[in-house]
Structures are given as C-alpha cells and as structure tokens.
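Single-letter residue listing:
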Amino acid sequence: MQKNHGMARLTSKWLGKCLLLLAVMALALSGAWPETRTFSAGLTPLWDAPQGPGRSAEASRWLSQLRDTVSEPRAGCQALELPDLSLTKPARAFQIKIEREQFAAGSPIVYLQEPIAQFFIVFATDVNGCPWFSISGRGLPFAKRDIVSPFPYARLPALARDATITAIVQDYKAIRPWIMLADETSFVRDNAVLWVALGAASGILLMMIVVALGFDAYAGSRVALAYAFYCVALQIWLVQNFGIGSAFVPFWPGPEYFPILQAVSVAGVVLGIGCAVLEFLQLRGRVRAAIGGFVVLSALCFLGSAWHATGYRAGAAVLSVLAVATMVLLVRGVFSGDSSLRLFTLGLGATMVGGGVQAFSVVGSGLEVGRLAAFAFPLGSLCQAAFWLAALIIRLRSEHRELHELEGKQAAIMWAMPDLILVIDRQGICLDYKQPYATRFFVTGDELLGKDVSAVLPSATAGTIRQGIERALHQGDLQSVFLDLPVEGSMHHYEARIAPHGPDKVVVVVRDITLQKHSEEKIRRLAYFDTLTGLPNRQSFLERLDRELLRARRTNHRMALLFLDLDGFKRINDTLGHSAGDCLLQTVADRLQEKLRAGAFIARPALDESSLHFARLGGDEFTVVLPDVDTVETACLIAQRIQELLGRPTLIGEQEIAVTSSIGIALFPDDGADAATLLKHADTAMYYAKEQGRNNWQLYDRTLTTRTTARLALEGDIRKGLERGEFRLFYQPQVSADDGTIVGVEALIRWQHPQQGLVSPARFIPVAEESGLIVPIGEWVLTAACRQVRQWQQSGVPVPRVAVNVSARQLGAAGFLDTVAAIIVATGIAADRLELELTESILMDPEAKRINGLSRLRAMGVHFSIDDFGTGYSSLSYIKRFPIGTLKIDQSFVHGLPQDADDAGITTAIISMARSLNLEVVAEGVETPEQLAFLQRALCPKLQGYLFSYPLPPDEMEAILRRGRVALQPPGGPSGPPPGQGPGGGGRPAAGQPPGSGGRPPRQ
C-alpha cells in the first residue's frame, strides 16, 4: 500500500512540473507577441429555425434565394454551390456588421466562440461584387482547415465598404451563437493559448486520475474508484468537446459520429458525477436508489440528444433537479464539521456555477458576457475535480488512519486471544501460526510450521483436522471439529474452528475448552443429579421415565414404577439432627445402587443404558423403574428386596439406626399410560402402604384413587362447612365419683352436613389435621365454647370448667397462645373457667418458648390437662416442666376394668401417681356400673362417660347444669338415653364412632 502511494506522489510531482512548464511557455508567448485585437461582432438576426430550416418557411425561402444568388452570379464571378444544410437540425442566420477601420491592415477572421457547432457557414460579397462563402465546424474534418483550431472560423476576403456578411450556425443544440472578430495574429495566439490550456487541463485530470488510483481504487476503495471514473469521463468529454481527439488522433471517428460521441461523453460525465455523489455521501437504501435512478435517467436523456435536441434539454433539467437535491443532502454534512464533505460541496457548487454561467452565455438573453464565459463549465468541472480530489484525500486518509487503528486493535486482540491460530493449505502444510501468550497447547507453532499436520499430530487428530479442512474448502463456510489430546499428563479438550482463506488455504483457530467441558459436566450434574446422594434427581427421572414408556409402547412390554418413602425419617432428623438424616439418605442410596439387582434401574440421562441407577425425588422419597417386567410378582419381589436391604441396621456416629420403608407400586399399562399418571398412582399406593402400618408395600388399585378423591372432596366440604357455619358444639359432663356432682364439661365438635347428616369426628378430624384446617376449626371451637360459657353465666346457670381439645398442630401455629388470650378477653369469661386438653405428643417438644407461653396462660387462670394419658411417650419430667393440672386416663384402660388385671394395674398406678404429684384425675369412657365401682374403690375423683350422659346440645346441657348433678347409675343402664335427653337429641355419636371417644381427634 505504501509503495502504491509513493508512485502516486512521484507521478503527481512529474505532471505538476510539466504543467508548470506549459504555463510558463504560454505566458512567455503571450508577452512576446505584439498586442492584437479580438472583439465581439455585432449581430442582426435574419431568421431562426429551432426545428430545422425545413420546418421554417422564412428560412426555406431565404436559403432558396441565397442558393440562386451564389449559383448564378454576375458576369466575371465564379458560380458557387451552396452546401446542403440539415433541414431538421436547429439553425440560425445573422448579419454581421464590420467596421473597416478596425481591420485596415487586412481582412479579419470570423470565428464562433462556442466550439461545438456542427456547421458555421459565412457568406459575403468581395470588393469585386462576387459571392463568397466559407464552411467550417465539427461537421468538417480538420484536414480541410488551414489552421488547426477548435473554433469554427472563416477568413474574410477583401470586402467592399458596405458589404453584407451573413453567418449561418447549425448545431444539434439550440444555442445563442457567440461570433468573434480577430485579425490573423490574434486568432493564432488565441488558438495557441487554448491548446496550452487544454493540455494543462488534460494533464491535471490525468494527475488526478493517477492520484485516485494511487489510493487503491483498483483494490476496492469505492470512493477513490468513483472519483477516478469521474475524472476519466471528464477527460473524455474534454478531448471530444474541444476537438483534441479529432485534431491529434488519426483514427478518431469522423464528423458523422460527432453527435453520438458528444452525447456519450456528456452522459459519461453525468454518470461519473452520480457515482461520486453516491460514494462520497455513503448513501444507502431508498435514497441511494432514488438518486442513482435520477442519475441514470439524466444520462439516458443526454445520450438521446444524439438523435433529438429535446434529450439535451431534458437531461439538463433532470441534472439540475438532482444537483439541487444533492446540495440539500450535503447541507447537514457541511455544518457537521466533516471537511471532506465541505470540499465536496464546494466542488459540486463550482460545476453548478460554471454550468449556469455557460448556459447563460450561450442560451441567455443576448447580454454581453466575458469571453471566458464559454469555458465556464469546463473550468467549473476542473475546479470540481480539484475540490473532490482534496475531499478524496481527506476522506481516504481518515479511512486509512481508522484502518491503521483498527489493525492495531485487531493485533492487540489477536495477541490477547488465548487461542492457537494456524494457516494451513489444502495439503495439510502449516504455512503460518500465532502462538498464544502464556498458554500451553498440545503442540507449539514452531513444531508445526512448514510441516504436514499428519507428521506432527496423532493420526486420528490429524485426520479429523484434514476432514474439517476439506469440508471448509468445499462448502466455503465455517467448520468446527473437536479434539481430545493429552497435555502434561491430563486429557484436554479442544475446539478447532476452520474458516476458508482463499481457494486453497484455511485459518484454524484452536481453543482449549477443557474448563468449559468440566463446567458443562458440573452444570449437567447439578441439573440432573442430586448433590447429596449422587442419584438422578426428579428432572432426570421424568425424562428417563418418558423414554422408557416410549420404548415399552414400541416393544409392547410391561413396566413397573416403585415409589419409596422412608418411615419415621422426620423423627430421626428431629432427634439426631439433619447431618444424621443426610448420612442415612446417603447410606440408603449406596445400598440401593450396590446391592439391588434384577434388571431394575432408575431413569437418568442416557449416559450408560446398561447401568443400574436410582433417583431421589426429594426429601426421603426415592423411585425405581423396572423395565420389561413380565409379572406382577417380579415387582413385588424387588419391593421385598428393597425393604430387606433398608431394614438392616445402620451405624451413624455412635448410634445404630434401623429404618423401614413404605413402597407403592404402579404398573404400565395397567395403572397408567403416561409418566404423570404412573407417578401419581405409585405415590397413592405408597401413602396407602403407610396407612396400613408402614414397613410394607402395596400395589396400586383404582379404589385408592377413589379414596383419595373422596378425601379431597371431604377436605373441600370441611372448608365450605367452616365458611357456612355447619359445625356444632356438643357438651359432655364430668362428674364427681362420690355423689355425681357436675365438676366439669368437655366441649365436643359435631358436623351437621347438609347431605350426610351428622358426620363423625373420626371422619373429618384426621383430614382437618392433615390439611391444616384444624387450626381455624380449633379457633372456632374455642370461641364458640367461650361464648356459650358466657351465655350460660348471663342466664344464671352455674358453669364449671369447660374443657376444649387442642391438637399439636393447632398449638404449634404461630400466635395460638395469643389468640387464646384474646378470645378470653373478647368473650369476657373468667380464665379459670377454661381448660385446654393437650395430647401427650405435645409434651415431647419441651421448647422453652412453648413452655413460657403455656405458663403465661396458666398465670391468667387457664387450666391444662393431658388427654388420653398413658398411651404416649410422656414422662414425669415432662409433666413437671409443663403447667399441667389434670390427667385424663385413656378410655382404652377403663374399657377392660375390672376384669383385665393389666388395665386395672395401670389405672390404679396413674391415680396413685397423680395423687402423689397433687394432680387431678379424670377417667374417660365409663360405661358400666362395674367400671364405676372399681374407679370409686381406686379413689378416682372424677369420671366421664356414657354411663352418666351422652354428648348433648347446649340447651339440653343447660338443663343438667341447672340441676347440678347426675345419677351415678341412671335407670335403664347405659343403653338408654340419659335423663333430660329428648327425642332425637342428636347427641348420640354417629355410626362408627368409638364409644367414649367424645369427638376428639384420633391419635396418630
């Protein structure tokens, strides 16, 4: 590139010296020659035929008279033949007035300043009165002229004083002729100066072309190429327009081709200007298409002027509109500070001014203008070329500077890239390389340079690269190949991108993607594997299950899905900590993977289809997929094998733990045709296994779904019943064992369902516990019981303590203790009238915050009792820590009295222990006189059961409270209704409710 620019500068300097020499010679010649005179002739129009003499009656008549005059002169004069003029091309005739005093030394020369006339015919009568005429112009070859001049001219003979000179100008353009008069010396001098000027102009244009080509126009610089094209077109126009070609080139086309050559040269200049405008302004899209279309239209119009004069006018009009539009586009660039656009605007303005001045001089209104006006357009075009050359230099220097900066930036980027870059030919020979900085590759560039890759790299690697090279060269696009090679004792992964570089070479960019591969593997494992156990996770399991189902459908085989859940896992987490639970999960996963066989495997991404795998869905839930299961017994055997494996004791720290599992089994296609259905049914079967006592497996049956659906429906009904106020409170008295005095009341919930009637608590309480609805239900029970106590008190009814059952989930709800206190305050009852019955499981959670809350309520006066005492895991230390005042002996112990010695012993022990701890005792579920007699002998102070009263609605309970006591042995025995129970009392428990349950939630 630098070499080309140097040649351009040298050529420009050489041409500049030549032009300077020509200018000095022109000045010297003009100073050495005597002063001469040239002035404009006065013209008088005779006729004007813009459509041609053949279409003007006046012109035809005048030419006929003139032809007769010269063909039949007077005696002694030679007859002349008037040349044939074109009858269709524009022509004008003028009379020329010459003052003889101005040319006393000789006859003047008449010439046409505008050089592009086709014919210039001059008629006169010499001093002898004989006719004389001269014909010149582009229609006449230079060989017939005595002076080589671009001007059409005529040497006048000696004329009489009052002789009439007539000039006819014919051209393909309707111009106003500019006729000059000069003597011989002035005419020769004007010709010499014109030729020198034309030579200088041609040399300047040639220099500009060389400079433009020096800026790599041939290599694709579109701006420089457009400028060079414009200068070449302007040079051709200059050679044609001023007759340089026909004067000095022997093989130049003859006069008959002049109109066509002239039209072609003008069209070329227009196209050159248009291309320069498009590239200098960097127009794109619709604007580029619009301006380009106008340029082509103008060029076509000028080209058509070779056959019709209207084309020249139309082309000039379109070019004028285009020039104005271009100037408008340039305004923003002029004011934006772009120097190249400013110079480009000045150049375009120069040629517009020059063209306007010349058009005014030759087509104007006849006003006198300077002699140089006829050359205004060539001079303006030359100035335009000069300004555009300066703009081109500024623009290209700016582009080269940006290119240099870009090359530096790219070099820095290449230097910073951690990639090995190679240039390899089709034969596999390494031609060049760029070694990455501070990066170790499997091979260095020095080891490859000038060698075949097959001789340096392993055969498999070299073959892969060669195949990629062939594909890249054949298809002509980017190719990627992946390589695995050992580097410094470890396997590294590489990506080689191969891009074609010419017809027989490629550029290979090799990048170490080992870390990327490791990261992808890590991400894949995080996405598809459980981080704790290493087993596939839920997402991986579902994808693999879908694939196995597709395969089972295709092969028409059965498949089994086992859903596994560990029993009591939460208890291990709570007692031994989460680290112990994590260790247990890892042990379970290891046992399943290492010990289980029989063709079972867990779904995961298809990495090793032959391996056995397991999935952990979350928590303590695992799944196993058994493909190609022939019989149901096979799935059952696998489930038994899993339970045996997990049932073996596990040593975690210093604690030996044995864990059991509940397993649900669903079969394809019997229990489901898709993954979601199969998983749901296996989960349902697993929950049924837990309901059956845990540590067992269950096959899915459609009735399980019915039960689950019914359970969901019941949950919805409970929620609606709570909203609609369908729940009721019944009350059962607690009596003194001595005389039947009522010493307490227990509030028991009933559900009056609109369709099913009175629903047993045994049906809806477990569902409410599981769904969490027990919390709002318990709050309603507590509020309703306290309001009933307040209502009884306002009615004058003596009310003992009212006991309300509280579940563990209800007590664990946030703000429950504050809610109790708020209800007591809101209803206005005395706090000592309320007793909260707790389960033994609550005592297993000795949380300080809970103990403090219960103690705060006890300080307010609220009493606490332990319900169903003796069936849980409570100890005396727990009872001592909680503010407990009463123990309620579970009905299961009372039921066997007095016959069952164990029940009798336990009951007696509980009564004695409570007495020693200063606690009250209530025996639940008393139904027979024998039970009553035993409890009286054991000194149990309080009793509750059907023997004394069934649970009653508030109005019936009010009647008993007003009496204050019940008979310890009512007439009719326990099968009859208690005293005061009216018909349809509704207090009798619903079918299926265990006697003495009192509506309390069943213990888990």
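This structure is a prediction, so every number in the text was calculated from the model and none was measured. (Residues numbered from 1 in each chain as written. Predicted model: local features only at pLDDT ≥ 70, side-chain atom pairs only at ≥ 80, totals over all residues. Heavy atoms only, no water.)

Enquirer: Help me understand the overall build of the chain, please; the structure alone is not making it clear to me.
Expert: Broken down by element type, the chain carries 31 helices and 30 strands. Taking all 1004 residues of the chain together, the buried fraction comes to 48%. For the chain, the exposed surface amounts to about 48,000 Å²; the carbon and sulfur share of it is 57%. (Helix = DSSP H or I, 4+ residues; strand = E, 2+ residues; numbered from the N terminus. Buried < 20%, exposed > 50% of the residue type's maximum accessible area, 1.4 Å probe, protein only. Areas by Shrake-Rupley, 256 points an atom, 1.4 Å probe, with all protein chains shown as cover.)

Enquirer: Can you walk me through the packing of helix α4 (residues 222-241) against helix α6 (residues 258-280) in this structure?
Expert: At their nearest, the axes of α4 and α6 sit 8 Å apart, and the two run at 160° to each other. With respect to their mutual orientation, α4 and α6 come out roughly antiparallel. Between α4 and α6 the crossing geometry is left-handed. For the contact of α4 with α6, the residue count by class is 17 nonpolar, six polar and two charged. (Axes fitted to C-alpha atoms, helices over the stretch in contact; angles between N-to-C directions. Parallel < 35°, antiparallel > 145°, perpendicular 65-115°, else oblique. Left-handed = near helix turned anticlockwise from the far one by under 90°. Nonpolar A, V, L, I, M, F, W, Y, C, P; charged D, E, K, R; others polar.)

Enquirer: What should I look at first to understand the sheet that holds strand β12 (residues 479-487) in this one?
Expert: The strands making up a sheet associate through backbone hydrogen bonding, with each pair oriented either parallel or antiparallel. In space, the five strands of this open sheet follow the order β11-β10-β14-β13-β12, with antiparallel pairing throughout. A single partner strand is all that each edge strand has here, and the edge strands are β11 (430-434) and β12. Along the sheet, successive strands turn relative to each other by an average axial angle of 25°, direction set aside. Relative to strand β13 (residues 490-500), β12 runs antiparallel, the two sharing nine bridges. Across the sheet, residue Pro486 finds its bridge partner in β13, namely Met491. (Pairing = 2+ DSSP bridges.)

Enquirer: I'm lost on the environment of Gly964 in this one. Help?
Expert: Structurally, Gly964 is set in the segment after α31 (954-963). Residues Gly964 and Val797 lie 167 residues apart in sequence; the distance between their C-alpha atoms is 9.4 Å. Residue contacts for Gly964: discarding those within four places in its chain leaves Gly740, Thr741 and Ile742. (Contact = heavy atoms within 4.5 Å.)

Enquirer: What's the story with the sheet that holds strand β21 (residues 697-699) in this structure? I'm lost.
Expert: Pairing in this open sheet of five strands is mixed, and the strands run β16-β17-β15-β20-β21 from one edge to the other. Two strands bound the open sheet, and with one partner strand each, they are β16 (615-618) and β21. Geometrically, the sheet is characterised by an average inter-axis angle of 25° between neighbouring strands, direction not taken into account. Across three bridges, the pairing between β16 and strand β17 (residues 621-627) is antiparallel. Within β17, the residue paired with Ala615 across the bridge is Thr623. Against the sheet, helix α18 (residues 632-647) contacts β15 (559-566), β17, β20 (661-668) and β21, and its axis sits at roughly 160° relative to β20.

Enquirer: Hey, could you run me through the side chain of Asp530 in this one?
Expert: Among the structural elements, Asp530 can be located in the loop between α14 (514-528) and α15 (538-555). Polar side-chain contacts of Asp530 include one of 3.0 Å to the side chain of Arg616. Setting aside residues up to four positions removed in sequence, Asp530 forms contacts with Leu535, Pro536, Asn537 and Arg616. (Polar contact = N/O pair within 3.5 Å; in protein donor to acceptor, adjacent residues only side chain to side chain.)

Enquirer: Is there a simple way to think about the packing of aromatic side chains in this case?
Expert: In this description, an aromatic ring pair is defined by two values, namely the gap between the centres and the angle between the planes. This structure, assessed with the given rule, holds eight aromatic pairs. Taking the centre distance of 5.8 Å and the plane angle of 35° together, the rings of Phe123 and Phe133 count as tilted. Of the two residues, Phe123 is situated in strand β5 (residues 119-125) and Phe133 in strand β6 (residues 131-136); the sequence distance between them amounts to ten residues. By relative accessible area, which is 5% here, Phe123 ends up buried. Residue classification places Phe133 among the partly exposed residues on the basis of a relative accessible area of 23%. Site record: aromatic cluster; members linked through ring pairs are Phe727, Trp751, Phe764 and Trp780. Positioned above the aromatic ring of Phe482 is the side chain of Lys517, whose terminal nitrogen or guanidinium carbon lies 5.7 Å from the ring centre. The ring of Phe730 carries the charged tip of Arg750 above its face, separated from the ring centre by 5.8 Å. (Phe/Tyr/Trp six-rings, centres within 6.5 Å; stacked < 30°, edge-to-face > 60°. Lys NZ or Arg CZ within 6 Å of the ring centre and 35° of its normal.)

In short, the description is geometric, and any link to function would need to be established separately.
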